[in-house]
Amino acid sequence: MSANLKYLSLGILVFQTTSLVLTMRYSRTLKEEGPRYLSSTAVVVAELLKIMACILLVYKDSKCSLRALNRVLHDEILNKPMETLKLAIPSGIYTLQNNLLYVALSNLDAATYQWPSDSQELDSKELSAGSQFVGLMAVLTACFSSGFAGVYFEKILKETKQSVWIRNIQLGFFGSIFGLMGVYIYDGELVSKNGFFQGYNRLTWIVVVLQALGGLVIAAVIKYADNILKGFATSLSIILSTLISYFWLQDFVPTSVFFLGAILVITATFLYGYDPKPAGNPTKA
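Analysis parameters
- Residues numbered from 1 in each chain as written.
- Predicted model: local features only at pLDDT ≥ 70, side-chain atom pairs only at ≥ 80, totals over all residues.
- Heavy atoms only, no water.
- UniProt positions renumbered as here; feature names shortened; annotations may be inferred.
- Helix = DSSP H or I, 4+ residues; strand = E, 2+ residues; numbered from the N terminus.
- Buried < 20%, exposed > 50% of the residue type's maximum accessible area, 1.4 Å probe, protein only.
- Contact = heavy atoms within 4.5 Å.
- Areas by Shrake-Rupley, 256 points an atom, 1.4 Å probe, with all protein chains shown as cover.
- Expected span 1.5 Å × (residues − 1).
- Arc of directions from axis to C-beta.
- Salt bridge = Lys/Arg side-chain N within 4 Å of Asp/Glu carboxyl O.
- Bend = angle between axes of the 7 residues up to and from the residue.
- Phe/Tyr/Trp six-rings, centres within 6.5 Å; stacked < 30°, edge-to-face > 60°.
- Core = buried A, V, L, I, M, F, W, Y, C linked by side-chain atoms within 4.5 Å.
- Patch = residues over 30% accessible without salt bridge, like charges linked within 9 Å, V, L, I, M, F, W, Y side chains within 5 Å.

The name given to the chain in an unreviewed UniProt entry is Major facilitator superfamily domain containing 14A, with Prolemur simus as the source organism. The record in UniProt for the chain states the following under Subcellular location (unreviewed entry): "Membrane".

Shown next as structure tokens:
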């Protein structure tokens, strides 16, 4: 059962990450009338949805009893403040990572066509290069921070007896606080002018739901597998996203460096998951 949950959660993570990257990129580069939705508010809404989903799962585990649910939340969260505070560190990092993902996809992919077509060629190239640099720095920062947060969260999950859903409620609580701070600092004026849900449409809500689902799936992967396999699943989703971009969206041309990286990722995934059968003792003549 544990092995089935392990590979099921990994498969869902690959599908979720691939879908999130493609829909998020499309939503950030789609030209529509009116203001574009704010990525900072989308991060907060995703955290709130994750909390609601986890509360429902805890409610189900409590045999659909509101009294039992209230007791579990009170005993595991309010009565254990130090255990709850441990989640503040990875929560802050994950919130930063989620915002950086929006920054990266807004700059790396939109740079080729976000500038007016009647601009001078030199200016267009300089602006495009600048946006690509911003996107690259966002990706690098997210990668380094994600590694630390993933290992830290795995350590917390596997060293305590609290359920993964309780841990996600704690994680989402701090994530919502950090996210609201980001909304106030960076987009406070826009929110006061056009509202918290400005620019939201059906595609935006799909992105938010996928991001909330990702938090749950990642926690399950770390719980039933480990952070290294989570990294491999994410890498496979990047390869899948790129292939879809090439064959379906036709907005990316892979290079020899990409193919080399893809081969290395697939080989590393195979070697990590390969479990050779022990050789039998040779029979003596």
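(A) Examining the overall build of the chain more closely. A count of helices and strands for the chain gives 10 helices and zero strands. For the chain, the α and β elements follow one another from N to C terminus as α-α-α-α-α-α-α-α-α-α. Classification of the 285 residues of the chain by burial places 40% in the buried group. Intrachain contacts of the chain at a sequence separation of at least 6 include 83% that bridge at least 24 residues. Surface summary for the chain: the accessible area is close to 17100 Å², and the carbon and sulfur share equals 67%.

(B) Summary view of helix α3 (residues 66-78). For α3, built from 13 residues, the straight-helix expectation of 18 Å at 1.5 Å per residue is met to within 8% by its first-to-last C-alpha distance of 17 Å. Looking only at α3, the buried set comprises A68, L69 and I77. Angularly, the buried residues of α3 cover 125 degrees about the axis, an arc narrow enough to put them on a single face. Exposed residues pointing more than 90 degrees away from the buried face of α3 are listed as R67, N70 and L78. Of the surrounding elements, those touching the buried residues of α3 are α2 (39-61), α4 (81-85) and α7 (164-194).

(C) Spotlight on the pattern of salt bridges. Evaluated as defined, the whole model comprises four salt bridges. Salt-bridge contacts for E83 lead to K86; the nearest nitrogen and oxygen are separated by 3.1 Å. On the accessibility criterion, K86 (35% relative accessible area) is partly exposed. One connected set of salt bridges, linked through shared partners, spans E83, K86 and R167.

(D) How the structure looks around α7. For α7, spanning 31 residues, the distance from its first C-alpha to its last is only 37 Å, which falls clearly below the expected 45 Å at 1.5 Å a residue. Along α7, the sharpest kink reaches roughly 90 degrees, centred on D187. The first or second residue beyond α7 is G195, which carries a positive phi of 95 degrees.

(E) Structural context of the packing of aromatic side chains. Summed over all chains, the structure comprises six aromatic pairs. An angle of 70 degrees between the planes, with centres 6.1 Å apart, marks the rings of Y37 and Y200 as edge-to-face. Taken together, the residues span a long stretch of sequence, with Y37 in the loop between α1 (2-29) and α2 and Y200 in the loop between α7 and α8 (202-224) at a distance of 163 residues. Y200 matches Y37 in its accessibility class, with the two residues each being buried. Relative to Y200, the ring of F197 lies with its centre 5.2 Å away and its plane at 85 degrees, an arrangement referred to as edge-to-face. Through a chain of ring-to-ring contacts, the aromatic side chains of Y37, F196, F197, Y200 and W205 assemble into a single cluster.

(F) Layout of the nonpolar core. The biggest cluster of nonpolar side chains holds 13 residues, and the ones touching the most others in it are Y37, A42, Y102, Y200, V207 and V208. What V207 contacts, discounting residues up to four positions off in sequence, is L20, T23, M24, S27, Y37 and Y102. Counting residues in each nonpolar core, the second largest holds 11 residues, with L87, Y94, L171 and F174 among its members.

(G) Here's a closer look at a nonpolar patch on the surface. A surface patch of nonpolar side chains, amounting to about 830 Å² of accessible area, comprises F173, I177, F178, M181, Y184, I185 and Y186. With respect to the helices and strands, the residue Y184 is situated in helix α7.

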